[in-house]
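Examining the three-dimensional arrangement
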Amino acid sequence: MMILKSIWRSWTNQWHHLWQQRIFYGAIAAITAVLVFGIHSFVLSQQPVQVSILMQALERSQWEPIVERFEEENPDIDLEIVEGPNATNLVEDLYTSAFLLGDSIYDIVYMDIVWTPKFAAAGWLEPLDDRVSDEELSAFLEGDIEGGRYDGKLYRMPFRSDAGMLYYRKDLLEENGFEPPETTEELIEISQTLQEQGDVEWGYVWQGRQYEGLAAVFVEVLEGHGGFWVNPETEEVGLDEPEAIAALEFLTDTIDQGISPTGVTTYQEEEARRFFQNGRTVFMRNWPYVWPLANEDDSAVQGKIAIKPMVHQAGFNSGACQGGWGLALVKDSPHKEEAWRVIEFMTSESVQKQFILDTAYVPSRRSLFNDPDIVAEYSHYPDLLEVQERSVLRPPIAQYAQASDILQRNLSSALTGRLSPQQAMEQAAAETRRLLGRA
Ligand code: GLC
């Protein structure tokens, strides 16, 4: 009996001991797990939140100083700039595919003014009306704010504005006693004279490639001939009206008359800029970003250039295409608050001023056009405000991307001689009417 008792005691003791050990090790394991989890979450919470934006390659490097400044002032946010192609419609396609696939990796859209209706109508963006007051918005150019609205709501904060204009060789015009041209006829005449004299190889370069830049060129010529593309209120299409055909004839004439090189039909902004900057042409249509680049030390035209509003047909007005870029908040972003902090920072007056001083892009805040530091660097800015405030919008309709594609394709057919200007415009008008359901 004694023996049995002692066996039982030793057996229960062992079990007891085993249980104690189990509890002990279990507790250690649980504490370790809690600690590891806690430390892990702590480390994660200390790591900066990543906010991503996609933008054109050209601009990515220009953003570097302001991205650095943002990250220094906001160590909890890592601002990731993803580099895309330079053509606006290709960047638009990349954003569009990301949104269509769902779970977009972008938190902010760096958005061309012409994308607003499509992106807003598709429901990809967060309305910003609750985040910014009317008073804050009144500091920006009206065209830039309007270009960020769709269906009465604001979706895009303006970052920089843009307007197309005519660059010319001030030196060549002065030496030859010419005033800067007002009309298309004057531009052709000055070009031909200077080309015949052998002063310059070509007269006029512009963006003639089949892409969004060509649509921007065309709205200016169209305005300068008294025509219209699509009336956004009535959806009436004006592309087959005589004014629109005459506008396209001006562009085809520049090629047929040897004022523009045939290669102009492959040019985007950068090709035209290089051509002008190498001193090969008297006139160029481009955006304001060219100014500081064409005035750099290695430019053949440094100090020899000036800008003015686009030429027009006698009796009509100059048209400057309203361009520009802004920042929009992606509706499904998991980091909306951080993304909004980026937008607030980038669109603030002091950051915009720094960016403009570095790059000579056009401000979207009205006060900066007359800012003494900016005017000291770029004396033409007060004049730019006037050009900017008279700029022409491309039609703000949800089907803009398709409408622009139709126009670009048909313009390109005429510029490369596959269709006459009249055929091209009739076809463009018919396709646009079908697109808008007005056929
Ligand atoms: C500029 C303008 C933009 C336009 C593009 C065309 O980037 O700011 O609005 O669509 O040029 O190439």
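Presented here is an overview of the structure given in this document. What you are looking at is a predicted structure, and each value in this text was computed from that prediction instead of being measured. (Residues numbered from 1 in each chain as written. Predicted model: local features only at pLDDT ≥ 70, side-chain atom pairs only at ≥ 80, totals over all residues. Heavy atoms only, no water.)

On to the sheet that holds strand β6 (residues 157–163), then. Pairing within the open sheet is mixed, and its six strands lie in the order β2-β1-β3-β11-β6-β12. Looking at the sheet topology across the chains shown, the edges are occupied by β2 (77–84) and β12 (362–363). Both β6 and β12 contribute to a ladder of two bridges, which runs antiparallel. If you follow serine 161 over to β12, its bridge partner there is valine 362. (Pairing = 2+ DSSP bridges. Helix = DSSP H or I, 4+ residues; strand = E, 2+ residues; numbered from the N terminus.)

As a further point, take the sheet that holds strand β9 (residues 281–286). Pairing between the strands of a sheet comes from backbone hydrogen bonds, and it takes one of two forms, parallel or antiparallel. With mixed pairing, the four strands of this open sheet are ordered in space as β8-β9-β7-β10. Of all the strands in the sheet, the pair left with one neighbour each is β8 (202–205) and β10 (305–308). Within this sheet the neighbouring strands show an average axis-to-axis angle of 15 degrees, counted without direction. For β8 and β9, the ladder comprises three bridges, and the chain directions are parallel. The residue bridging valine 205 from the neighbouring strand is methionine 284, located in β9. (Axes fitted to C-alpha atoms, helices over the stretch in contact; angles between N-to-C directions.)

Moving on to empty space enclosed by the protein. Counted by the stated rule, this structure contains two cavities of 30 Å³ or more. Counted as a void, the largest cavity has a volume near 80 Å³. In the lining of the largest cavity, the residues fall into six nonpolar, three polar and three charged. Of the voids in this model, the second largest cavity is the one considered here, and its volume is about 30 Å³. Lining of the second largest cavity is provided by Glu92, Val114, Trp115, Pro117, Lys118, Ile397, Ala398, Tyr400 and Ala401. Where the lining of the second largest cavity is concerned, the elements lending two or more residues are α4 (116–121) and α17 (400–415). Among the residues making up the lining of the second largest cavity, the classes are represented as seven nonpolar, no polar and two charged. Shared between two domains, the lining of the second largest cavity holds at least three residues of each, these being domain 1 (49–162 + 322–392) and domain 2 (163–321 + 394–435). (1 Å grid on protein atoms, 1.4 Å probe; cavity = no way out; pocket = protein on both sides within 12 Å on 5 of 7 lines; lining within 4 Å. Points joined across faces, edges and corners; volume = space filled by probe spheres on them. Nonpolar A, V, L, I, M, F, W, Y, C, P; charged D, E, K, R; others polar. Domains from an automatic or database assignment.)

In the region of the ligand, the neighbouring residues are Thr88, Asp112, Asp162, Tyr211, Glu212, Gly213, Glu269, Trp287, Gly323, Gly324, Trp325 and Arg394. Within the side chain of tryptophan 287, an N or O atom sits 3.2 Å from an oxygen atom of the ligand. When the ligand sits alone it has 310 Å² of accessible area, and the protein chains cover 93% of it. Most atoms of the ligand, that is more than half of them, are within 2 Å of grid points of the largest pocket. Taken together, the elements giving at least two residues each to the shell around the ligand come down to α9 (212–224) and β11 (322–329). Considering every element that reaches the shell around the ligand, the biggest residue donor is β11, with three residues. Among the residues making up the shell around the ligand, the classes are represented as three nonpolar, four polar and five charged. Here the shell around the ligand spans two domains, since at least three of its residues come from each of domain 1 (49–162 + 322–392) and domain 2 (163–321 + 394–435). (Near = heavy atom within 4 Å. Polar contact = N/O pair within 3.5 Å; in protein donor to acceptor, adjacent residues only side chain to side chain. Areas by Shrake-Rupley, 256 points an atom, 1.4 Å probe, with all protein chains shown as cover. Sits in = over half its atoms within 2 Å of the grid points.)

We now examine the packing of aromatic side chains. For the structure shown, the criterion picks out 24 aromatic pairs. Judged by centre distance (4.9 Å) and plane angle (45 degrees), the ring pair of tryptophan 63 and phenylalanine 159 falls under tilted. Here the residue tryptophan 63 occupies a position in helix α2 (residues 57–73), and phenylalanine 159 occupies one in strand β6, the gap between them amounting to 96 residues. By relative accessible area, phenylalanine 159 is classed as buried at 0%. Measuring from centroid to centroid gives 6.1 Å for tyrosine 167 and phenylalanine 276, while their planes differ by 65 degrees, and the two rings are edge-to-face. Placement of tyrosine 167 in strand β7 (residues 165–169) and of phenylalanine 276 in helix α11 (residues 269–277) is noted, with a sequence separation of 109 residues between them. The same class applies to tyrosine 167 and to phenylalanine 276, which are both buried. Sitting above the plane of the tyrosine 361 ring, arginine 160 keeps its charged end 3.8 Å from the centroid. For arginine 285, the ring lying beneath its charged end belongs to tryptophan 287, and the centroid distance is 4.4 Å. (Phe/Tyr/Trp six-rings, centres within 6.5 Å; stacked < 30°, edge-to-face > 60°. Buried < 20%, exposed > 50% of the residue type's maximum accessible area, 1.4 Å probe, protein only. Lys NZ or Arg CZ within 6 Å of the ring centre and 35° of its normal.)

Ile53, Trp63, Tyr95 and Met346 are the most contacted members of the largest nonpolar core, which totals 131 residues. Two domains each put at least three residues into this core: domain 1 (49–162 + 322–392) and domain 2 (163–321 + 394–435). Discounting chain neighbours no more than four positions away, the residues touching methionine 346 are Trp63, Ile66, Val67, Phe70, Leu79, Phe159, Leu327, Val351 and Gln352. (Core = buried A, V, L, I, M, F, W, Y, C linked by side-chain atoms within 4.5 Å. Contact = heavy atoms within 4.5 Å.)

Taken together, the buried positions of helix α16 (residues 381–389) are Tyr381, Leu384, Leu385, Val387 and Gln388. Down the axis of α16, the sector holding all buried residues measures 165 degrees, keeping them to one side. (Arc of directions from axis to C-beta.)

Turning our eyes to something else, we now look at the packing of helix α10 (residues 242–256) against α17. Viewed as axis vectors pointing N to C, α10 and α17 meet at an angle of 40 degrees, and their least axial separation amounts to 10 Å. On the basis of their axis angle, the class for α10 and α17 is oblique. The handedness of the crossing between α10 and α17 is right-handed. Facing Leu248, Leu251, Thr252 and Ile255 of α10, the residues of α17 in contact are Leu411, Ala414 and Leu415. (Parallel < 35°, antiparallel > 145°, perpendicular 65-115°, else oblique. Left-handed = near helix turned anticlockwise from the far one by under 90°.)

All quantities given are derived from atomic positions and should not be read as evidence of function.
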